[in-house]
Amino acid sequence: MTELDAFLAGDRLDHVALFLTDGYLDDEGTLADHGFEVDGGVVLVVPGEEGRRLFSAGTGMDAMEFAKKAMDVEGDIDHELTGGACPDCGAAPTYVLAFAEAQNEEVGGIYAEGDVIHAYAACPDGTAFSDRWVVGEA
C-alpha cells in the first residue's frame, strides 16, 4: 500500500497530501524529491506541518489561506487527487492540497458517515475550488 493509498483510506489523518503537475514543478525537482511520480505529476503524503510548509514552498501561498479561498467554490476533484475539473473552465488542476478529518458523529452530516477527505485545487486560470467526500466513496 502506498502512502497515498493509506491517506485515501483514512489511515493518515495527521498527514497532508499534495499533487503537483509536471508543469508546475520547479526545474530542480526539489518537491519531487519528497514524493513519488504519478501520471502527469508528483504526489507527496507527509505529516501535516511539513506538508503545509512544502505546499507554501512549492506554490508561494500559505496552505490554510489557499484552503479558505478554495472552499468558497465547489468543484470536482478526482478521488485519487491527481485530476478533476475546474467549475469555471473545465480544466484539470495544476495542484491539489488535501487533508483528512476523522469521523465526527456529533457534527452530523457527511462527518457522521465516516472520515472525510477535504481537497482543494487550483486551475491554470487561477480559480481555486474544493471538493470533499467520505473515505471509501467512489
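Keep in mind that what you see is a predicted model, and the values were worked out from it rather than measured. (Residues numbered from 1 in each chain as written. Predicted model: local features only at pLDDT ≥ 70, side-chain atom pairs only at ≥ 80, totals over all residues. Heavy atoms only, no water.)

Novice: How do you make sense of the overall build of the chain when you look at a structure like this?
Specialist: A tally of helices and strands in the chain yields four helices and eight strands. Mapped from its N terminus to its C terminus, the chain presents α and β elements in the order α-β-β-β-α-α-β-β-β-α-β-β. For the chain, the C-alpha radius of gyration of 14 Å lies close to 14 Å, the compact-globule estimate for 138 residues. Its C-alpha atoms give the chain principal-axis dimensions of about 45 × 35 × 25 Å. (Helix = DSSP H or I, 4+ residues; strand = E, 2+ residues; numbered from the N terminus. Rg over C-alpha atoms; globule rule 2.2 N^0.38 Å.)

Novice: I tried to follow the packing of helix H2 (residues 48–59) against helix H3 (residues 63–70) on my own but got confused; where do I start?
Specialist: Two elements in contact, H2 and H3, have axes separated by 8 Å at closest approach and are oriented at 80°. Classified by the angle between their axes, H2 and H3 sit roughly perpendicular to one another. Residue-level inspection shows Arg-52, Phe-55 and Ser-56 of H2 in contact with H3, the latter providing Ala-63, Met-64 and Phe-66. Counted by class, the contact of H2 with H3 contains four nonpolar, one polar and one charged residues. (Axes fitted to C-alpha atoms, helices over the stretch in contact; angles between N-to-C directions. Parallel < 35°, antiparallel > 145°, perpendicular 65-115°, else oblique. Contact = heavy atoms within 4.5 Å. Nonpolar A, V, L, I, M, F, W, Y, C, P; charged D, E, K, R; others polar.)

Novice: Would you explain the sheet that holds strand S7 (residues 116–122) in this entry?
Specialist: As a general point, the strands of a sheet are linked pairwise by backbone hydrogen bonds and lie either parallel or antiparallel. Taken together, the six strands give an open sheet; going across it, the order is S2-S3-S1-S6-S7-S8, and neighbouring strands pair in antiparallel fashion. At either margin of the open sheet sits one strand with a lone partner, and together these are strand S2 (36–38) and strand S8 (128–134). Recorded for the sheet is a direction-independent mean angle of 20° between the axes of neighbouring strands. Where S2 and strand S3 (residues 41–47) come together, three bridges link them in antiparallel fashion. (Pairing = 2+ DSSP bridges.)

Novice: For this particular structure, what's the right way to read the environment of Val-46?
Specialist: Secondary-structure assignment places Val-46 in strand S3. If sequence neighbours within four positions are ignored, Val-46 has contacts with His-15, Val-16, Gly-51 and Leu-54.

Novice: Would you mind showing me how to read the side chain of Asp-131 here?
Specialist: Tracing the backbone shows Asp-131 in strand S8. Nearest to the buried, unbridged Asp-131 among oppositely charged side chains is Arg-132, at 7.0 Å. Polar side-chain contacts of Asp-131 include one of 3.1 Å to the backbone nitrogen of Ile-77. Not counting the four nearest positions on each side in its chain, Asp-131 is found in contact with Gly-75, Asp-76, Ile-77, Ile-117, His-118 and Ala-119. (Buried < 20%, exposed > 50% of the residue type's maximum accessible area, 1.4 Å probe, protein only. Lys, Arg positive; Asp, Glu negative; His and termini not counted. Salt bridge = Lys/Arg side-chain N within 4 Å of Asp/Glu carboxyl O. Polar contact = N/O pair within 3.5 Å; in protein donor to acceptor, adjacent residues only side chain to side chain.)

Novice: Sorry, what's going on with unusual backbone geometry here?
Specialist: For residues other than glycine, phi is negative in most cases, and the peptide bonds are mostly trans. The backbone of Leu-81 sits at a positive phi, close to 70°, despite the residue not being glycine. As for its position among the elements, Leu-81 is in the loop between strand S4 (76–77) and strand S5 (84–85). For Leu-81, a relative accessible area of 3% corresponds to the buried category.

Novice: Is there a simple way to explain the packing of aromatic side chains in this structure?
Specialist: Any aromatic ring pair is given by two values, namely how distant the centres are and how the planes are angled relative to each other. Within the structure shown, the criterion is met by four aromatic pairs. Pairing Phe-55 with Tyr-95 gives two aromatic rings, centres 5.7 Å apart and planes at 70°, and the pair type is edge-to-face. Here Tyr-95 lies in strand S6 (residues 95–101) and Phe-55 lies in helix H2, a separation of 40 residues in the sequence. Comparing Phe-55 with Tyr-95 shows no difference in burial state: the two are buried. Ring geometry for Phe-66 against Tyr-95: centres 5.5 Å apart, planes inclined by 50°, an arrangement best described as tilted. One end of the pair, Phe-66, is in helix H3; the other, Tyr-95, is in strand S6, and 29 residues separate them in sequence. Here Phe-66 falls in the buried class, since its relative accessible area comes to 3%. Looking at Tyr-95, the relative accessible area reads 7%, which means it is buried. Aromatic rings pair up to connect Phe-55, Phe-66 and Tyr-95 into one cluster. (Phe/Tyr/Trp six-rings, centres within 6.5 Å; stacked < 30°, edge-to-face > 60°.)

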